[in-house]
Structure formats: structure tokens, C-alpha cells
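Next come the chains, spelled out residue by residue.
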Amino acid sequence: MRIGGHLTVQDLPPGEVQPRPLWAARARLSRAQTRVDRLSVSEAELFELGQTLDRASGVDALGPDHCLSATQYLSRPFVRCTAANIVWTRGAKAIAAPRRGLIDDFHVGPAGVWPGGLIEQDLQKDAAGWRSRRGAKLEIVAGASIPLCHYGQRAFGHFVLDGLLQVYLHREALAAGEARLVHWPFESPWMEDLLTRCGAPASARRVLSGDLVLLETAHLSSALAGHGVYFPGGFALGFFDWLRDRLTDPAADRPEAGKRLYVRRDPDGSRPVLDQDRLEAFLAARGFEVLDSRQDRIDQQAQKIAGADLLLSSWGSGATLAPLLGGARQVVELTPETVTDPWFARQAAVHGLSYTPIIHPRRTARSFQTWRASGRRLIA
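Criteria and thresholds
Along each chain, numbering runs from 1 in the same order as the chain's sequence is written. The model is predicted, so local features are restricted to residues of pLDDT at least 70 and side-chain atom pairs to those at 80 or more, both for listing and for counting; the totals for chains, interfaces and linings are taken over all residues. The basis for every side-chain value is the complete set of non-hydrogen atoms in the structure, without hydrogens or water. Segments assigned H or I by DSSP are reported as helices when at least four residues long, segments assigned E as strands when at least two residues long, and all are numbered from the N terminus. When DSSP finds two or more bridges between a pair of strands, those strands are recorded as paired. As a rule, the C-alpha atoms of each element are fitted with a line to give its axis, helices using only the stretch in contact, and angles between N-to-C directions run from 0 to 180 degrees. The cut-offs work like this: below 35 degrees is roughly parallel, past 145 is roughly antiparallel, 65 to 115 is roughly perpendicular, and the gaps in between are oblique. In this scheme, a crossing is called left-handed if the near helix is turned counterclockwise away from the far one by less than a right angle; it is called right-handed if the turn is clockwise. We call two residues in contact when some of their heavy atoms are within 4.5 Å. Under the convention adopted here, Pro, Cys and the residues Ala, Val, Leu, Ile, Met, Phe, Trp and Tyr are nonpolar, Asp, Glu, Lys and Arg are charged, and Gly plus all remaining residues are polar. Think of it in three bands: with a 1.4 Å probe and only protein chains considered, a residue is buried below 20% of the maximum accessible area for its type, exposed above 50%, and partly exposed in between. In plain words, nonpolar cores are sets of buried Ala, Val, Leu, Ile, Met, Phe, Trp, Tyr and Cys residues tied together by side-chain atoms within 4.5 Å. Here, the arc refers to the directions that run from the helix axis to the C-beta atoms.

Chemist: Please explain unusual backbone geometry as it appears in this structure.
Modeler: Of note in this structure, Arg99 is not a glycine but carries a positive phi near 65 degrees. Positive phi is not limited to glycine here, since Arg329 has a value of about 55 degrees. Counting through the fold element by element, Arg329 comes out in the loop between β17 (310–314) and β18 (330–336).

Chemist: Quick question: what am I supposed to make of the sheet that holds strand β9 (residues 123–126) here?
Modeler: Neighbouring strands of a sheet are bound in pairs by backbone hydrogen bonds; such pairs are parallel or else antiparallel. Here three strands make up an open sheet; going across it, the order is β1-β10-β9 and the pairing antiparallel. This sheet does not close on itself; its edge strands, each paired only once, are β1 (2–3) and β9. Of the strand pairs in this sheet, β1 and strand β10 (residues 129–132) are connected by two bridges, and their pairing is antiparallel. Considered in β10, the bridge of Arg2 is made with Arg131.

Chemist: Would you mind showing me how to read the packing of helix α3 (residues 156–169) against helix α5 (residues 189–197) here?
Modeler: The packing of two helices is summarised by the inter-axis angle and the distance between the axes. Where α3 meets α5, the closest approach of the two axes is 12 Å, and the angle between their N-to-C directions is 30 degrees. When the axis of α3 is compared with that of α5, the two are roughly parallel. Between α3 and α5 lies a crossing whose hand is right-handed. For the pair α3 and α5, the contacting residues are Phe156, Phe159, Val160, Leu164 and Val167 in the first and Trp190, Met191, Leu194 and Leu195 in the second. Each residue belonging to the contact of α3 with α5 can be placed in one class, and the counts come to nine nonpolar, no polar and no charged.

Chemist: Would you mind showing me how to read the environment of Ala302 here?
Modeler: Among the structural elements, Ala302 can be located in helix α9 (residues 298–306). Its relative accessible area of 0% is what places Ala302 among the buried residues. With 56 residues separating them in the primary sequence, Ala302 and Arg246 have C-alpha atoms 9.8 Å apart. If sequence neighbours within four positions are ignored, Ala302 has contacts with Leu247, Thr248, Leu321 and Leu324.

Chemist: Quick question: what am I supposed to make of the nonpolar core here?
Modeler: Here is a general trend for soluble globular proteins: nonpolar side chains tend to be buried in one another's company. Counting residues in each nonpolar core, the largest one holds 53 residues, and the members touching the most others are Leu164, Phe239, Leu243 and Phe344. Those elements giving two or more residues to this core turn out to be β11 (138–147), α3, α4 (171–175), α5, α7 (235–247), β15 (260–263), α9 and α10 (343–351). No other element matches α3, which puts nine residues into this core. Counting residues in hydrophobic clusters, the runner-up holds 22 residues, among them Leu7, Ala83, Ile103 and Leu208.

Chemist: Honestly, the packing of α3 against α7 in this entry has me stumped. Any pointers?
Modeler: Packing of α3 against α7 brings their axes to within 11 Å, and their N-to-C directions diverge by 85 degrees. In this view, α3 runs roughly perpendicular relative to α7, as classed from their interaxial angle. Only Phe235, Gly238, Phe239, Phe240, Trp242 and Leu243 of α7 make contact with α3, whose side of the interface consists of Val160, Leu161, Leu164, Leu165, Val167 and Tyr168. Class assignment for the residues of the contact of α3 with α7 results in 11 nonpolar, one polar and no charged.

Chemist: How do you make sense of the pairing of β15 when you look at a structure like this?
Modeler: Within a regular strand, the side chains alternate between the two sheet faces. In β15, alternate side chains face the same way, and those of Arg260 and Tyr262 on one face and Leu261 and Val263 on the other are all buried. The sheet contact formed by β15 and strand β16 (residues 288–291) spans four bridges and is parallel. Directly across from Val263, in β16, lies its bridge partner Leu291. Strand direction decides the pairing type here: β15 and β17, joined by three bridges, are parallel.

Chemist: Honestly, α9 in this entry has me stumped. Any pointers?
Modeler: The α-helix winds at 3.6 residues per turn, so residues separated by three or four positions along the chain end up facing the same way. Within α9, the full set of buried residues consists of Ile298, Asp299, Gln301, Ala302, Ile305 and Ala306. Buried residues of α9 fall within an arc of 160 degrees about the axis and therefore sit on the same side. Buried residues belonging to α9 abut α3, α5, α7, β15, β16 and β17.

Don't take any of this as a statement about function, it's just geometry.
Written out as C-alpha cells, the structure reads:
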């Protein structure tokens, strides 16, 4: 199988997409042509960050060109479609059209830029583009499929904001048995549990095994390109209403005045919080409860967040469920000096949260002192 350069979904021929039996997919494999049906592209949305971002913590000291100094956020258009004959690669999670190219609309990052080293996990570069590696196993999936998402099969934030967004967008097809969610084996048991809670039990899913997968009919969306995390828009409001219904008890999610939570970062993870023990002691003395993803189930975490009005976390996935907050709906984020993507500032603007980033220095000797100076006013 050969895959060429880069293209957009609009470059593909239109046509009515109908699921066909497995034997038909095998018969057409050598001449598989990707066709697109029911293509919709939303308008970009403009959000003001002025009322969202609390600059009192010293963010302005980073300079006017820093990513957190933006005053507006323009979302990207959201793309949805149903397509026939879609190739999906295991390592790179690349969405492609056989003999055509990589479909940029469903990749994380700018159009035409896809790390070659990532793709080379599944494909080999040659003069004509990319071809499947010798001996790579091709798996053919007949009928209608809903691919999960690029990074959601191993990262909490992407699993919720991208992966579950795919489930939400295609929930009616899943409920009616008209399509199955497809994914490679998960790394963590909580992923299975969360999918079941959100309407995608094991009976509605197919676990893949091939290095390359040919999806005869695929429901695709910008959730595959990380829009749930990096480029949220108005769709995120309905998504979180749906998520709240599945993870919380409405009778128990009334926020307690002044209830505050801290999301503990795994000290053995790739982004540890410097001086976390001292930080937690500082917070505990001020009435914070600690959430620990290694001990608390996802629904327990969601219920506690829905009943609080302030969430404090380190940069990354800790603030994923923050849109469930009630009351003051304030998020304080421990942000590294080197941050280049204001992903949560965008989330806060879309969901109407109050967002305060506190810059977390890289040098251990300064970390707690900086925290104490910046955080005391916020969480006294």
C-alpha cells in the first residue's frame, strides 16, 4: 500500500458512502479510492481572553510576545465527515487515503507538517512518498467505524477531550448499533470503564491488531486532530453537558462555598511538580482537598470537581475536567516558564472559567518560594 503527500479532505472526491460486506472490501483493496460524504465544516469562532485570564499573578512579566499574552482566541473550523476507504496507521495514528496522501484535516498540527519520524513507525519513505513497511499486517474493518483519536489511547486529557468527543459526536450511531468504536489495545483499565460509562461498552467496540487498518466506512472529525484539547469551540459546551450527565449525580454536584481542590501530579511521571510535598502541605493548611488519579475513580474525581468552585493543578491534563466546576469556577494552573501553547486559556474562554496561570520556574531552589509569593493572594 502506498500513501503520497499531504492533502485536505476537500481534495477527495465526493460520493455517497455505504457500508459494504467484508468480501467487497477485499475485492476492491487493490483499487481502493477514498470518497467523502456528509462533509460539514463549521465557522471559526472568536473568543475574548480579557475577562478570562487573570494577569495579577505576573504573567505580563513574560513579555507581549508570550503565548499567554494573547487577548483573543480564534478557534479553528471544525470538520466532520463520513468517508470510504480510510487508512489508519498504528504508531503514527495517521489518517490517509490509499495512493493519495495524508489527510491534514485529521492530524494534530499545521497542515503539511507531520513528523517523519512519527510516520516511520508504520511507513517507509521512498521517492514516490510513503509505502507500508515490508511485513506490515493490514487489517480490514468492514462496515462503519469510529476511530478513537491520536493521543487519547495513552494520555488522560486527550482521551477525554478528543477521544470521548468522538464518542459524543457519534453517540447516536453507537447507540443504534450502526457503527463501532475502533482502537488499539489500551494501556490503562480506567479507559475501558470510562468508555462504558459514556455509551461505548466492549460490545460496541473493536480492538485492532494490524499495523495498518483499512476502514471501509469511517466517521471522522477534527477531534482526531486534537481540537477538543487545543482548539475548542462552541461544540465543547454541549459535550461537557453530556459528560456531566454520565459522570456526576446532579443531586450531589451543588458546589460548596469555598471548596477547593488540588490535582496531584504523579511524581514518577514525565512532568513532575517541583517541591510537591511542600506545596501540598501549604495547600492543606488552607483547606484544599487532594485529588489523586491513581486512587480516585474518574467519576469520583468528576463529582468532587462538580462540587467545588476552585481547582488548582499543574500544567497539562490535571485541569481536563475543570469545565465541570460550579460556583466561582476558578482554575489556578502551575505553568512552566517554557509553555508555548495556551491550551487551557482557550478552554477557559470557551467555558466561561476564571483562569490564573502561575509561572513555575525550572530551578528547584526557587520553585516553592515563587509559589508561596504568587499563590498566597489567590488561596489565602
